[in-house]
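Observations on chain architecture
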Amino acid sequence: MKKTILTTLVASSLLLAWNTYADEAILTTTSAMPTMDMVTTAVETGSISGDLSMKYDLIIRNNNILSDDEHNNKSYYTKKITTADIVVPEEVTKKAKRVYFLVEEGYSRIFYNKEMAWVADEATNVKKEYNYKIVDFTPWKTKYTFNTVDLVKDLKDGEYKSVTITLVAEFSDTDKLYLSNMAYINIADKQNILETLKYEKDPSGTSYFGYYDTDSVGKYLEKLGEKMTREKYKATLTKVQTKLKTLIAKNEDSKKQILKSITKEADFATNLDKYIVYSETSNLLNNVSGATINQLQKLRSYDLIDSVFGK
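Our subject in this report is the structure included herewith. Each chain carries its own residue numbering, running from 1 in the direction its sequence is written. Two thresholds apply to this predicted model, a pLDDT of at least 70 for residue-level local features and 80 or more for giving and counting side-chain atom pairs, whereas whole-chain, interface and lining totals are computed over all residues. To get the side-chain values, take all heavy atoms of the structure and skip hydrogens and water.

1. Thoughts on the packing of helix α8 (residues 230–261) against helix α9 (residues 266–308)
The geometry of α8 relative to α9 is characterised by a closest axis approach of 9 Å and an angle of 160° between their N-to-C directions. One finds that α8 runs roughly antiparallel with respect to α9. Of the two elements, α8 crosses α9, and the hand of that crossing is left-handed. Class assignment of the residues belonging to the contact of α8 with α9 gives a composition of 15 nonpolar, 13 polar and eight charged. Lines fitted to C-alpha atoms define the axes here, with helix axes fitted over just the stretch in contact, and angles between the N-to-C directions of these axes take values from 0 to 180 degrees. Secondary structure elements are defined from DSSP: runs of H or I of at least 4 residues count as helices, runs of E of at least 2 residues count as strands, and each element is numbered from the N terminus. Note that the term roughly parallel is reserved for angles under 35 degrees, roughly antiparallel for angles over 145, roughly perpendicular for angles of 65 to 115, and oblique for everything else. Should the near helix be turned anticlockwise from the far one by less than a right angle, the crossing is termed left-handed; should it be turned clockwise, right-handed. Here the nonpolar group is Ala, Val, Leu, Ile, Met, Phe, Trp, Tyr, Cys and Pro; Asp, Glu, Lys and Arg are the charged ones; every other residue, Gly included, is treated as polar.

2. Focus on the environment of E200
Along the chain, E200 falls in helix α6 (residues 190–201). For every residue, the accessible area (1.4 Å probe, protein chains only) is compared with the maximum for its type, and the residue is labelled buried under 20%, exposed over 50%, or partly exposed between those bounds. Under the relative-accessibility criterion, E200 is labelled partly exposed at 45%. In this structure the C-alpha to C-alpha distance between E200 and K74, which are 126 residues apart in sequence, comes to 9.6 Å. A polar contact is formed between the side chain of E200 and the side chain of K74, at a distance of 2.9 Å. Throughout this description, a polar contact denotes any pair of N or O atoms lying within 3.5 Å of each other; where both atoms belong to protein, one of them has to be capable of donating a hydrogen while the other can accept it, and for residues adjacent in sequence the pair is counted only when both atoms sit in side chains.

3. Comments concerning the side chain of N72
Among the secondary structure elements, N72 is positioned in helix α3 (residues 69–72). With residues up to four places along the chain from it excluded, the contact list for N72 reads S67, T78, K79, K80, I185 and I193. Here a residue-residue contact requires only that any non-hydrogen atoms of the pair lie within 4.5 Å.

4. Details of the nonpolar core
With 40 residues, the main nonpolar core has L167 and L179 as its most contacted residues. Setting aside anything within four residues of it in sequence, one finds L167 in contact with I65, I86, V88, V99, Y100, F101, F137, L177, Y178, L179 and S180. What we call a nonpolar core is a set of buried Ala, Val, Leu, Ile, Met, Phe, Trp, Tyr and Cys residues that are connected through their side-chain atoms within 4.5 Å. Listed in part, the six residues of the second largest apolar core include L237, A291, L296 and L299.

5. Considering the packing of aromatic side chains
Two rings from Phe, Tyr or Trp (for Trp, the six-membered ring) form a pair when their centres sit within 6.5 Å of each other. Planes less than 30 degrees apart are called stacked, planes more than 60 degrees apart edge-to-face, and all others tilted. Counting across every chain of the model gives five aromatic pairs. Aromatic pair F101 and F137: ring centres 5.8 Å apart, planes at 65°, arrangement edge-to-face. On the criterion of sequence distance, the pair formed by F101 in strand β5 (residues 98–105) and F137 in the loop between β7 (133–136) and β8 (143–147) is long-range, its members being 36 residues apart. Its relative accessible area of 0% is what places F101 among the buried residues. Consider the rings of F101 and Y144, whose centres lie 4.8 Å apart with planes at 65°: the pair is edge-to-face. Linking F101 in strand β5 with Y144 in strand β8, this pair joins segments that are 43 residues apart in sequence.

Just geometry here; none of it tells us what the structure is for.
As structure tokens, this is what we get:
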């Protein structure tokens, strides 16, 4: 067979890493935006997929699957994609054994850049396969909704996962044609969803617990220390630090209990206010703890300086 080199776009996505159940609040969920690199991919002319790929190249490059981030960033138990811009040529439909959405964990090879769109539709099922999953393609549908547990194998609370969904025409076991871009769906944990809802409730960040002037906290502690000897101040700070660790652990346990109690989508709204209290308390305790540690470090450095100069 004669080989024709076609230029395609491959996506390598930059993932945002954040800590979950850490002492500080995590980042609001956002979609990981792919970084585009130009590469060349060999397509076998003479095969059904190769011939149709060249014939309908423009249509394929404009087929647009999108992650419905407006829904996905605020929903843990279901995820959505929009498919309003999908066009499957009649010739492809007639020659293909089946046309379906391929669901894969992580990131696939082929990517075509597209714009954004929002159209609502009903839920659909995900079929399990050996090392991937498929969703039947329905020409009239403009939005697909999935249960999150169906998209990822053995999904556990607290895990961060991602999947890609691509439209595929299958002509044989070895001959398949990618008919669209890949939609990236990030599956964050419950705390991340609550952080998104928390930000949506107060986008201006007017909470007094959101930011602390740690320098002022340190100066306040130093004024307290001026009334004590250095050794007494050090002993007091050490005792306070131990108490703060206990309070931080207790607060984190309470926050985890809230996350554990969320078993359906409606539970997020029910528990949001309680979560905000524990989240802001966590910020407060961690900032005071940080200021206390800084004071202890200063005292240790003073002790070292004194020893060097023979005081």
